[in-house]
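# A look at the structure
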Amino acid sequence: MPPRGRTPVKATIAVPPWAPEGERYAVIWAEVSAPAASRRKGITLVNRVGIRTYLDVGPGGEPPTDFKIGEIVPQRTGDGQPRIEATVANTGQRAIDLEDGVTMSGGPSSLSAGPFPVERGTTLAPGQQGSVSILLGRDLPDGPWKFSLTLESGRIEHTRTGTLTFRRKPGTWGLAASMDSPLSLLLALAGAATSSPR
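Predicted model only: the values in this text are computed from it and were never measured.

Attention shifts here to the side chain of Arg 94. Here Arg 94 is to be found in the loop between strand 4 (82–90) and strand 5 (96–97). You can call Arg 94 buried: its relative accessible area is 16%. For Arg 94, the contacting residues outside a window of four places in its chain are Glu 23, Tyr 54, Glu 62, Pro 63, Pro 64, Thr 65, Leu 124 and Pro 126.

This next bit is on the layout of surface pockets. Quantified by volume, the largest pocket comes out at close to 410 Å³. Counting only elements with at least two residues in the lining of the largest pocket, the list comes to strand 1 (22–33) and strand 2 (46–57). Among the residues making up the lining of the largest pocket, the classes are represented as nine nonpolar, three polar and two charged. Here the second largest pocket is characterised by a volume of approximately 210 Å³. Lining the second largest pocket are Glu 62, Pro 63, Pro 64, Thr 65, Arg 94, Ala 95, Asp 97, Ser 153, Gly 154, Arg 155 and Ile 156. Taken together, the residues that form the lining of the second largest pocket break down as four nonpolar, three polar and four charged.

A few words on unusual backbone geometry. Trans is the common state for peptide bonds, and a negative phi is the common state for residues other than glycine. Between Gly 114 and Pro 115 the backbone carries a cis peptide bond, its omega angle lying at 10 degrees. Tracing the chain through its elements places Pro 115 in strand 7 (residues 113–117). Omega for the peptide link from Gly 143 to Pro 144 comes to 10 degrees, which places this bond in the cis form. Residue placement: Pro 144 occurs in the loop between strand 9 (129–135) and strand 10 (145–153). With a phi angle near 60 degrees, Arg 4 is a residue other than glycine that sits in the positive phi range. Checked against the element boundaries, Arg 4 lands in the segment before strand 1. Arg 4 gets classed as exposed once you look at its relative accessible area, which sits at 87%.

Before going further, it helps to spend a moment on the packing of aromatic side chains. According to the stated counting rule, one finds one aromatic pair in the structure shown. Seen in terms of ring centroids, Tyr 25 and Tyr 54 are 5.9 Å apart; in terms of plane orientation they differ by 90 degrees. Their pairing is edge-to-face. Pair noted here: Tyr 25 is in strand 1 and Tyr 54 is in strand 2, with a separation of 29 residues, a long-range link. The class for Tyr 25 is partly exposed, based on a relative accessible area of 43%. Here the guanidinium or amino end of Arg 48 rests over the ring plane of Trp 29, the centre of that ring lying 4.3 Å away.

How each quantity is defined
- Residue numbering note: each chain is counted from 1, following its sequence as written.
- For a predicted model such as this one, the threshold for reporting local features is a pLDDT of at least 70, and the threshold for listing and counting side-chain atom pairs is 80 or more; totals across whole chains, interfaces and linings nevertheless cover every residue.
- Hydrogens and waters are ignored; side-chain quantities use all the structure's heavy atoms.
- Put simply, DSSP H or I for four residues or longer makes a helix, DSSP E for two residues or longer makes a strand, and each gets a number counted from the N terminus.
- Remark: exposure states derive from per-residue accessible area (1.4 Å probe, protein chains only) relative to the maximum for the residue type, with buried under 20%, exposed over 50%, and partly exposed in between.
- For this analysis, residues touch if any pair of their heavy atoms sits within 4.5 Å.
- Grid spacing is 1 Å over the protein atoms alone, the probe is 1.4 Å, and a cavity is where that probe fits but cannot get out, while a pocket is an open set with protein on both sides within 12 Å along at least five of seven lines and lining residues have an atom within 4 Å of a point.
- Grid points are joined across faces, edges and corners, and a volume is the space filled by probe spheres set on the points.
- Gly counts as polar in this scheme, as do all residues outside two lists: the nonpolar Ala, Val, Leu, Ile, Met, Phe, Trp, Tyr, Cys and Pro, and the charged Asp, Glu, Lys and Arg.
- Paired rings are identified among Phe, Tyr and Trp, the last through its six-membered ring, by centres lying within 6.5 Å, and are further divided according to the angle between planes into stacked (under 30 degrees), edge-to-face (over 60) and tilted (the rest).
- Charge-over-ring contacts are defined here by two conditions on Lys NZ or Arg CZ: a distance within 6 Å of the ring centre and an angle within 35 degrees of the ring normal.

Shown next, in the form of structure tokens:
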């Protein structure tokens, strides 16, 4: 390929008939490495780019996707930046890549802030539990704050709301957020839908 050139590449995945039903993970990558003369000097430069692959084996179409948002904890990083970390469990049957973010409201002097995006790179396999991190603005006061955290993977989206407060000291964790119940969230949404400006 010439510099900045492009060419299509076809790849075939041969699934053996004995393969059990479920989702499999792989990567298809292109690689170019330094010439042999450079390797003899003890230095090897490798450039590689890949495409992530999810392969669904078995009948019945796409396996179900779902996840649950658990505990949400505020933190101050070592340099004092506010951060939120949420525990997430993959309860579906395929891997999830989590995106979206959080908005803050009802802060000191009725301040609002956000939305702040999720730090990219959180992938969870089926049955796996992990954490999602969100960095907020450096000048954000301690609170208390009302928050609305929305996470999505593909067409699946879940939102949790509640109240949290950051500690002032850098490098410390605050208490876990006080979560709103699903009923209070439904009532709030219903009230917003039925109210109309005069």
